[in-house]
Amino acid sequence: MRAVPTWIDKVHDRDKVEQCIYDLAFKPDGSQLIVAAGNRVLVYDTADGTLIQPLKGHKDTVYCVAYAKDGKRFASGSADKSIIIWTSKLEGILKYTHNDSIQCVAYNPVTHQLASCSSGDFGLWSPEQKSVSKHKVNSKITCCGWTNDGQYLALGMMSGVVSIRNKNGEEKVKIERPGGSSSPIWSIAWNPSKDEHHDILAVADWGQKLSFYQLSGKQIGKDRQLNFDPCCVSYFSKGEYIVMGGSDKQASLYTKDGVRLGTIGEQNSWVWTCRVKPDSNYVVVGCQDGTIAFFQLIFSTVHGLYKDRYAYRDSMTDVIVQHLITEQKVRIKCRELVKKIAIYRSRLAIQLPEKILIYELYSDDSSDMHYRVKEKICKRFECNLLVVCSQHIILCQEKRLQCLSFTSVKEKEWIMESLIRYIKVIGGPPGREGLLVGLKNGAILKIFVDNPFPITLLKQNTSVRCLDMSTSRSKLAVVDEHNTCLVYDIHTKELLFQEPNANSVAWNTQCEDMLCFSGSGYLNIKASNFPVHQQKLQGFVVGYNGSKIFCLHVYSMAAVEVPQSAPMYQYLEKRMFKEAYQIACLGVTDSDWRDLATEALEGLDFDTAKKAFIRVRDLRYLELINSIEERKKRGESNTELFLADVYAYQGKFHEAAKLYKKSGHDNRALTMYTDLRMFEYAKDFLATADPKDTKLLMKKQADWAKNSKEPRAAADMYLTAGENMKAIEIIGEHGWVDMLIDLARKLDKAEREPLARCAEFFKKLDHHGYAAETYSKMGDLKALVQLHVEARHWDEAFSLVEKHPQYKDDVYVPYAQWLAENDRFEEAQKAFHKAGRQAEAVKVLEQLTHNAVVESRFNDASYYYWMLSMQCLDIARDNEEKKEEMLKKFHSFQHLAELYHVYHSIHRYMVEPFSSNMPETLFNQSRFLFHNLNKDIPLGISKVYTLYALAKQSKALGAYKVARHAFEKLQGLKIPARFEESMKLSCLTIRSKPYHDNEELIPMCFRCSTNNPLLNNQGNVCVNCRQPFIFSASSYEVLPLVEFYLEEGITDEEAVSLIDLEVPRTDRKTACWHEMSSGESQSLKLDDDVERTEVDPFIAKLSFEQGGCEFVPVVVSRTVLRSMSRRAVLIKRWPKPLSWQYYRSLLPDVSITMCPSCFQMFHSEDYELLVLQHNCCPYCRRPLDEPN
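Residues numbered from 1 in each chain as written. Predicted model: local features only at pLDDT ≥ 70, side-chain atom pairs only at ≥ 80, totals over all residues. Heavy atoms only, no water.

**Some details on the pairing of strand β4 (residues 40-45)**
Quick note on the threshold: What makes two strands pair is DSSP finding at least two bridges between them. A helix here means a DSSP run of H or I that spans at least four residues, while a strand means a run of E at least two residues long, and both kinds are numbered starting from the N terminus.
In this structure, strand β3 (residues 32-37) lies alongside β4, joined through six bridges in antiparallel fashion. Among the inter-strand pairings, isoleucine 34 is bridged to a residue of β4, identified as valine 43. If you look at the hairpin formed by β3 and β4, you'll find two residues sitting between the two strands, and glycine 38 has a positive phi there, around 65°. Examined bridge by bridge, β4 and strand β5 (residues 51-56) share five bridges and lie antiparallel to one another. Within the sheet, the bridge partner assigned to tyrosine 44 lies in β5 and is leucine 51. Joining the antiparallel neighbours β4 and β5 is a turn of five residues, in which glycine 49 adopts a positive phi near 80°.

Okay, structure coming up:
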């Protein structure tokens, strides 16, 4: 560290009396210096020391000055007990006083509050307040200072106490220095560093001690003995150094921990004040004799380098060792001024003022950064340069070199003929290392540690500044005092070349022929004897390892990655491929490697080319090199042919073709051109050749077209050549529909294969219209049907099936499957049925029915059972073998359909809160269902629900006997919990009712006029004549219908025609019935004697009593049929193989409607209402608009 005086001024009054400088303050931007001199305040320009203006306002000596952190105002305090506040424009704006002389002032760095301290009190003033709040103290205040955050104010007192106060002036911490009033506090300063964890206060007292405290009052470290009375302590802006002055008549530099580093400037009188210019290395000193001295501190670089390890001084007392490759750093704290550093292999030497420390690495690992102390040489040495070896240290003092062992024994000494300018360890065995020494007179010597005689390598006329020796020790690079880099051959002493503008030089440790030197802001790289390659770089080159250049700029060392492209290209220009490869290995870009590989390949240096292509992982070229090497092994030696192959690979096709022709391999040139579809060039090449070759070329051109990236052109070529199939493949694969339909329309319908392929592509590309057009053109109806089915174009498929029924199965089966997949099962079932797939149709319906029952959709179950029965009827008609079985199933399913139809209403009544059915309807329905549940109860139908509904409706309608019977039956069944209570109650209440039924509810047989009981153990037939009751399919009232049968020999068609005749009757009274018994059977026959007039058998038998248990059906003859009114007859016209059923209405005025589809009977009014509600038959769901 050096202190260079920038300017000095001496202050006198008018009588030439020296004025003591008591205090100094910098403006925060560093441009002005405020000086307390005598009874004036002086303002200086810091740049050149000119006095800007003296400020007058005080009547007595000015003791203190302070500048606000925002730079807007400053304050001065004087022995005249007043404080004046000045603006930055040097105008006084405010004055206030204390009771004693002002000792010190300080501005708060955050709030700009001003603290002014006198002998007996201190005051706090801020621009916002008009008054000054003052606080008494019991000792004279000598110094004060605010913490960085402006929260606390420290006051130093004559009593040896430091009092720390908050912003309101209340004491928070009290620090008492040992010695009390015999050690008055003379100066304090807070460390401004932002990196410290605590606020640190430096305290200088006249007990000649420097001490450090935390804000809490806790001391940091021990007191530092000063050996003089300190008058001022001041920190650098970042807090890394302290400047102190006092009775020793000099300003000294200390570390932030209080370690003295050196003298800044010696003066002739006490130094009362010293300050550091903000954010700079300038220090100003104010003295007793009026001297103001302004110094610049220059911190020299203390460092050492060996290969990739760089050691340098930090904060004057620390050493940082940096690994330039891994960027690892380690800090060694010495706690004393570091004077010199030397590093070599695992050794590190640090010179301190009174000793030299030798460190060694813990291990031999090249990346290990852990050092430990090996030896200490406790002696004071004066030297210009320090070098360390494995077992020695070398001290250089002007002309003398001394070699000391680590135990401080001087082993050798060499005296040079001139001043030593440069010294460097160049390696060697431990204890026998070699040193390279450069002298001021131009001599360059080599010294071995174990040899007392230096060896002169060469001598030049100019002084040496920098030296380096190449790895093989055969070349020497020297930078002289004229900034010229000279390179010598050590063996011949011959100057190989020289380059200007150099300040340092370094050989590449990995490549003998490369060196770099820096100078004038440029980095210069020189390979062999080629011209220098330049690039911008600030600083000094200190090392060169492979592609890394170690560069020192100001205080920092950096490893700069420099591609070695330029020297590599210089070797390539000279076709020195192997040398270029060596340079490339140091570090070049991928494109440089590729250039090297290509150049070497063209130069037929296959070995270098191979290595370079391996670097860039180019398998194509490696295969080429491999094939050439194989051919060479087989004895081929035609270099022109090899080069032609190389050119072809590189895309230099015309050069390749010329070389092929030259070497007599025309066919290779032709193959190359055709492979590259350069057909025009190929034709030019074949201009004088055989026509056969031209045909071959055309064929190849077509083949290329197939694989080329221009498929449209390829397709056109194939069409021109008549290769329709190949053209269709290309067009289809690329989806060019317009081109494909044009082609399909042009093709003849006899060309079935191309047309079929076109249609396939249309299908694939979802253009079903074009596909249909193509299939139609071919006349392939089956494929057309298949197309419509695959495309789900059912309407087109059905219209096609209408014209060609043979494809019915091909349409309806997929259609049904599609419907089923889309949850449209009913439609699917119908489609299966249409397709004649009865088994599938029945299977779908059975599944639907089962699902409907499980899900309690009993109306759907009824409908599906009805459909199932009709399907069974269809199967019975078509399949003679299954006729009997299917008819049996038909009757079973018809019966189940009716049961589920009725139970739907009962179930809804039981589970839903409200019912839309009349009580009479529910009563009739539950009675009907109860009569049919004597044997097996179908799945899903609840006997409990049926009986409970019957009981409730019977009770409501006055059929108490039925209700009681139903409740009794229920008691033997398991009742759901929710009905249990109400059922028990009903069972009790019904017993209070009379044990008979309402007469109005009793059903009557319309055949024999017998009143039937409401609960009939015969079921739904008359107890007297066994005539089955015909019920309305909505209200389940008994309809006034009697079923009659035709005499043998009368066909259905004849019967209908006879009924339609409606012959009027003349005498109804002469008709009579004949009862005939034959074995166990009974029958009623109307006598159709021509002579007598027939009587209506229904009317005749109204009073007929039947005592037997067999049912005797009513059989009618042609005469009776003729006499019947068409309006009174209802016919169920069942399809074959069933017979038609005939019913006669005995009350023709009661209008009865029969559904023409399911043949269920309804009261006409009910039917019409239900049809209006559902828009279809409520039983079979036949739509109104569907024809019968």
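**A short note on the sheet that holds strand β28 (residues 291-298)**
The condition that has to hold: Lines are fitted to the C-alpha atoms to define the axes, a helix being fitted only along its stretch in contact, and any angle between axes, read from their N-to-C directions, falls within 0 to 180 degrees.
With antiparallel pairing, the four strands of this open sheet are ordered in space as β1-β28-β27-β26. Edge positions in the sheet fall to β1 (2-10) and β26 (271-276), since each has one partner strand and no second. Strand after strand, the sheet turns through a mean of 20° between neighbouring axes, direction not considered. Bridge count for strand β27 (residues 282-287) against β28 is five bridges, and the pairing is antiparallel. Residue pairing for β28: valine 284 is matched across the bridge by phenylalanine 294.

**Quick word on the environment of serine 992**
How we decide: Distance and chemistry together define a polar contact, namely a pair of N or O atoms within 3.5 Å, with one atom able to donate a hydrogen and the other to accept it when in protein, and with adjacent residues in sequence counting only for side-chain atoms on both sides.
Along the chain, the position of serine 992 falls in the loop between α26 (977-990) and β56 (1041-1046). For the pair serine 992 and tyrosine 960, spaced 32 residues apart in sequence, the C-alpha to C-alpha distance is 9.6 Å. Of note is the side chain of serine 992, whose polar atom sits 2.5 Å from the backbone oxygen of threonine 989.

**Observations concerning the pattern of salt bridges**
This is how it is decided: We define a salt bridge as a contact between a side-chain nitrogen of Lys or Arg and a carboxyl oxygen of Asp or Glu at a distance within 4 Å. For every residue, the accessible area obtained with a 1.4 Å probe (protein chains only) is divided by the maximum for its type, and the residue is called buried under 20%, exposed over 50%, and partly exposed between those limits.
All told, the structure shown has 35 salt bridges when counted by the stated rule. Put simply, lysine 883 and glutamate 880 hold a salt bridge, and the shortest N to O gap is 3.9 Å. On the basis of relative accessibility, which here comes to 60%, the residue glutamate 880 falls in the exposed class. Residue arginine 1118 pairs with glutamate 1054 through a salt bridge whose shortest N-O separation is 2.4 Å. A residue pair is termed long-range when its members are at least 10 positions apart, and arginine 1118 in helix α29 (residues 1118-1123) and glutamate 1054 in helix α27 (residues 1052-1061) qualify at 64 residues. Residue arginine 1118 is classed as partly exposed on the basis of its relative accessible area, which comes to 30%.

**Concerning the packing of helix α3 (residues 590-602) against helix α6 (residues 639-650)**
Where we set the bar: Geometric relationships in this document are graded by angle, where less than 35 degrees denotes roughly parallel, more than 145 denotes roughly antiparallel, 65 to 115 denotes roughly perpendicular, and other angles denote oblique. Only heavy atoms enter the contact rule, under which two residues are in contact if any of them lie within 4.5 Å.
Following both chains from N to C, one finds α3 and α6 inclined at 150°, their axes separated by 10 Å at the closest point. With respect to α6, the axis of α3 lies roughly antiparallel. Contacts between α3 and α6 pair Thr598, Leu601 and Glu602 from the former with Leu643, Val646, Tyr647 and Gln650 from the latter.

**Quick word on unusual backbone geometry**
Residues other than glycine predominantly adopt negative phi, and peptide bonds predominantly adopt the trans conformation. Omega for the peptide link from lysine 1136 to proline 1137 comes to 5°, which places this bond in the cis form. Within the fold, proline 1137 resides in the loop between β60 (1129-1132) and β61 (1141-1145). The phi dihedral of glutamine 208 is positive, around 60°, even though this residue is not glycine. Structurally, glutamine 208 is set in the loop between β19 (200-205) and β20 (209-214).

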